[in-house]
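# An overview of the molecular structure
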Amino acid sequence: MGQKINPLGFRLGTTQNHHSFWFAQPKNYSEGLQEDKKIRNCIKNYIQKNRKKGSNRKMESDSSSEVITHIEIQKEIDTIHVIIHIGFPNLLKKKGAIEELEKDLQKEVNSVNQRLNISIEKVKEPYRQPNILAEYIAFQLKNRVSFRKAMKKAIELTKKADIKGIKIQIAGRLAGKEIARAECIKKGRLPLQTIRAKIDYCCYPIRTIYGVLGVKIWIFVEEE
Amino acid sequence: MAAAAAVYGGFKGKLGVEDAHELQLNRIRITLSSKNVKNLEKVCADLVKGAKDKQLRVKGPVRIPTKVLHITTRKSPCGEGTNTWDRFEFRIHKRVIDLISSPDVVKQITSITIEPGVEVEVTIADVDLVYQGNLVSANRLVDHCPLTVCGGAGGYLVG
C-alpha cells in the first residue's frame, strides 16, 4: 500500500489556508510558535473542563456539545486575534465564558504589549466538518455501539449537508478484539490527487479500555 | 546642530513666507517584511498612497530580493525506514519605503494600515533637517551651507 499525504498539507497553497497567520523573523519564530501552542491548549482545556462540569448536572448527549473545528490565530503589532470556529456554541455563549477564557489566556501567554481579542464563529454546516463527525463517532464508540453502526450513523448525518464524497476509516482494536485491523466505509467520490478539490480531513484518536482507536475522516466538499 | 540653527535663523527674515513655522523633517525608513506577497503589496500601496495624500516625498517601495530559507526535516517520527526527508521553504519578502516627513505624520500613516502577517519596522535617521517656510529640497540646502550641515552626515545627505 502506498503512503497518503495529509490532504490539508497538500493543498496549503491553494484550497487550504493556514490556521496561524502571522510573521516573525527567524530569530523570534520559536517564541511565536510556543505562544500559539499554549493558546490552543488553553482553549481546549477550558472547554473540556466545562464540559465535565456540565455533564455532572445532567446527562446531555455529548454530540450536542461544542466541538472546536479549528482555532485561527492572527498576530498584529499590538493585538492577538483568536478566532474560534465552533460547531454548537452553547457553553461559550454564556455571559462570563469569554471573559474567563481571556483571563486564562492572559495568564498563559504572559503578554506584555499585546491585547488578546477572542471571537467566536459558528460553523455554518456542522456536519460537514470532519472534527464534529469524529467526536460524534467517539461518543458512540464509548457507549459500546458497534463500530460499523457508528460509522453508518455518521454518514447518515452528512446526507443532510451537501457533500459529494466521504470516507471514514477506523483502525485499532475494533470491538475489543486482540488483533487490530482497519475498517473503512466510503460514499461518493474522493479525488485525493486533485489539488483543486476541497477536501477536509481530520485524524482523531479515541481512547477505549482496549487501547487507542484512530479515526480518520475525509470529506470531499466541492470541486472548485 | 546649534551652528546650523544659527545659520538658518539668519534666513528667517529673508525668505519672508506667510506661514513661517518650523517643520522638523527626518528621513524615515519603513521596512515591511512578510511571508505573504499579497498582503505585503497591499500594505505598501496603502502606505505610499497615504504619504502622497499628505504630499510627502516618498521613495517608492524598493523590493529587496526574497530570502528563501530551506527547512529540511526527517519525515519519520522514529529512526526506522529509508531516510526520507521533507523539504520546506520559508520565503521572506521585504520592501523598503523611504519618507521625508515629521515623525508625527508618520505615526498617523502607519497606524491606519495594519494587516495581519506583515511586520513593520520604522527607523528614523538621526539627521535633523530644519526648514522654515516652504519645503526646500535637501540638495539645495547643501549648496547653502556645505560646512555646517554636511559635517557628520554629508555622504548620507548627498546620497
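Each chain carries its own residue numbering, running from 1 in the written order of its sequence. As a convention, the first chain written is A and the first ligand written is 1, with the rest following in written order. Totals for whole chains, interfaces and linings use every residue, but because this is a predicted model, local features are given only for residues with pLDDT of at least 70 and side-chain atom pairs only at 80 or more, for both listing and counting. Side-chain metrics in this entry use all non-hydrogen atoms of the structure; hydrogen atoms and water are not considered.

### What about the overall build of chain B?
Looking only at helices and strands, one finds five helices and five strands in chain B. When the helices and strands of chain B are read in sequence order from the N terminus, they spell out α-β-α-β-β-α-β-β-α-α. In chain B, which comprises 159 residues, the share counted as buried stands at 33%. In chain B, the share of contacts with a sequence separation of at least 24, taken over all contacts with a separation of at least 6, comes to 75%. For accessible areas, the Shrake-Rupley method is used with a probe of radius 1.4 Å. Any residue's cover is judged against the shown protein chains and nothing else. In the form shown here, chain B has an accessible surface area of approximately 10,200 Å², with 55% of it arising from carbon and sulfur atoms. Numbering of helices and strands starts at the N terminus; helices are DSSP runs of H or I of at least 4 residues and strands are runs of E of at least 2. The rule is simple: take the accessible area with a 1.4 Å probe, protein chains only, and divide by the maximum for that residue type; under 20% is buried, over 50% is exposed, in between is partly exposed. By definition in these notes, contact holds between two residues if any of their heavy atoms fall within 4.5 Å.

### Points about the nonpolar core
Residue and element names in this part refer to chain A. In this text, buried Ala, Val, Leu, Ile, Met, Phe, Trp, Tyr and Cys residues form a nonpolar core when linked through side-chain atoms within 4.5 Å. Ranked by internal contacts, the top residues of the largest apolar core, which has 24 residues, are L133, I137, L141, I168, I170 and I217. For this core, the elements supplying multiple residues, two or more each, are α4 (130–142), α5 (147–160), β5 (165–172), β7 (197–208) and β8 (211–223). Once you skip the residues sitting within four places of it in the chain, L133 turns out to touch Y127, A154, L157, T158, I166, I217 and I219. Counting residues in hydrophobic clusters, the runner-up holds 18 residues, among them I39, C42, I86 and V109.

### Observations regarding the environment of K160 of chain A
All names here are of chain A. Structurally, K160 can be placed in helix α5. Residue K160 is classed as exposed on the basis of its relative accessible area of 72%. Once the C-alpha coordinates of K160 and L213 are considered, the two residues, 53 residues apart in sequence, prove to be 27 Å apart.

### Digging into a positive patch on the surface
All names here are of chain A. Each patch is assembled from residues with relative accessible area greater than 30% and no salt bridge, linking like charges that lie within 9 Å and nonpolar side chains (Val, Leu, Ile, Met, Phe, Trp, Tyr) that lie within 5 Å. Salt bridge, as applied in this entry: a Lys or Arg side-chain nitrogen positioned within 4 Å of an Asp or Glu carboxyl oxygen. When charges are counted, Lys and Arg contribute as positive and Asp and Glu as negative, whereas His and the chain ends are disregarded. Where a charge sits is defined by one atom per residue type, namely NZ (Lys), CZ (Arg), CG (Asp) or CD (Glu). A surface patch of positive charge is lined by K49, K53, K94, K103 and K107. Mapped by element, the contributors of at least two residues to the positive patch are α2 (29–57) and α3 (97–109). Here K103 shows up in helix α3. With a relative accessible area of 60%, K103 lands in the exposed category.

### Focus: α3 of chain A
Residue and element names in this part refer to chain A. Any helix carries an expected span of 1.5 Å times its number of residues minus one. Between its first and last C-alpha, α3 extends 18 Å over 13 residues, near the 18 Å set by a 1.5 Å rise per residue. Of all the positions in α3, only A97, L101, L105 and V109 are classed as buried. Summarising the axial view, the buried residues of α3 lie within an arc of 85°, below the 170-degree limit, and thus occupy one face. The exposed residues of α3 that point more than 90 degrees off its buried face are K103 and K107. Just past α3, the residue N110 takes up positive phi, approximately 55°. What the arc covers is the set of directions going from the helix axis to the C-beta atoms.

### Comments concerning the side chain of R95 of chain B
All names here are of chain B. Mapped onto the secondary structure, R95 falls in strand β3 (residues 85–101). Using a relative accessible area of 6% as the deciding quantity, one classes R95 as buried. Pairs of N or O atoms are called polar contacts if they sit within 3.5 Å, as long as, within protein, a hydrogen donor faces a hydrogen acceptor (for residues adjacent in sequence, only side-chain-to-side-chain pairs). Within the structure, R95 has its side chain in polar contact with the side chain of E41 (distance 2.9 Å). Excluding anything up to four places from it in sequence, R95 contacts I30, T31, L32, V37, L40, E41, C44, V62 and R63.

### Describing the packing of aromatic side chains
Residue and element names in this part refer to chain A. For this analysis, a ring pair means two rings from Phe, Tyr or Trp (six-membered ring only for Trp) whose centres lie within 6.5 Å, classed as stacked if their planes differ by under 30 degrees, edge-to-face if by over 60, and tilted for the remaining angles. Summed over all chains, the structure comprises five aromatic pairs over all chains. With a centroid separation of 5.3 Å and 50° between ring planes, the pair formed by Y201 and W218 is classed as tilted. Taken together, the residues Y201 in strand β7 and W218 in strand β8 connect sequence positions 17 residues apart. Judged by relative accessible area, W218 falls into the buried class, the value being 5%. Looking at K75, its charged tip hangs above the ring of W22, at a distance of 4.4 Å from the centre. Above the ring of W218, the side-chain terminus of K167 is found at 4.6 Å from the ring centroid. Criterion for a charge above a ring: Lys NZ or Arg CZ within 6 Å of the ring centre, and within 35 degrees of the ring normal.

### Quick notes on the sheet that holds strand β6 (residues 181–188) of chain A
Residues and elements named next belong to chain A. In space, the four strands of this open sheet follow the order β6-β5-β8-β7, with antiparallel pairing throughout. Lying at the two open borders of the sheet, with one neighbouring strand each, are β6 and β7. Each neighbouring strand pair of the sheet contributes to a mean axis angle of 10°, computed without reference to strand direction. In terms of strand pairing, β5 meets β6 through eight bridges, oriented antiparallel. Paired with Q169 across the two strands is C184, which belongs to β6. Contacting β5, β7 and β8, α4 crosses the sheet at an angle of about 25° to β7. When DSSP finds two or more bridges between two strands, those strands count as paired. In this description, a line fitted to the C-alpha atoms serves as the axis of each element, helices being fitted only across the stretch in contact, and the angle between N-to-C directions of two axes falls anywhere from 0 to 180 degrees.

### Thoughts on the domain arrangement of chain A
Residues and elements named next belong to chain A. Those domain boundaries reflect an automatic or database domain assignment. Parsing chain A into structural domains produces domain 1 (18–51 + 63–120) and domain 2 (124–221). When each unit is reduced to the centre of its C-alpha atoms, the spacing between domain 1 and domain 2 is 27 Å. Buried area is understood as the total, over both parts, of accessible area removed when two parts are fitted together, assessed with a 1.4 Å probe. Interface area, domain 1 with domain 2, both sides summed: about 630 Å², of which 69% is carbon and sulfur. Residues are grouped as follows: nonpolar covers Ala, Val, Leu, Ile, Met, Phe, Trp, Tyr, Cys and Pro; charged covers Asp, Glu, Lys and Arg; every other residue, Gly included, is treated as polar. Per-class residue counts for the side of domain 1 that touches domain 2 are three nonpolar, three polar and one charged.

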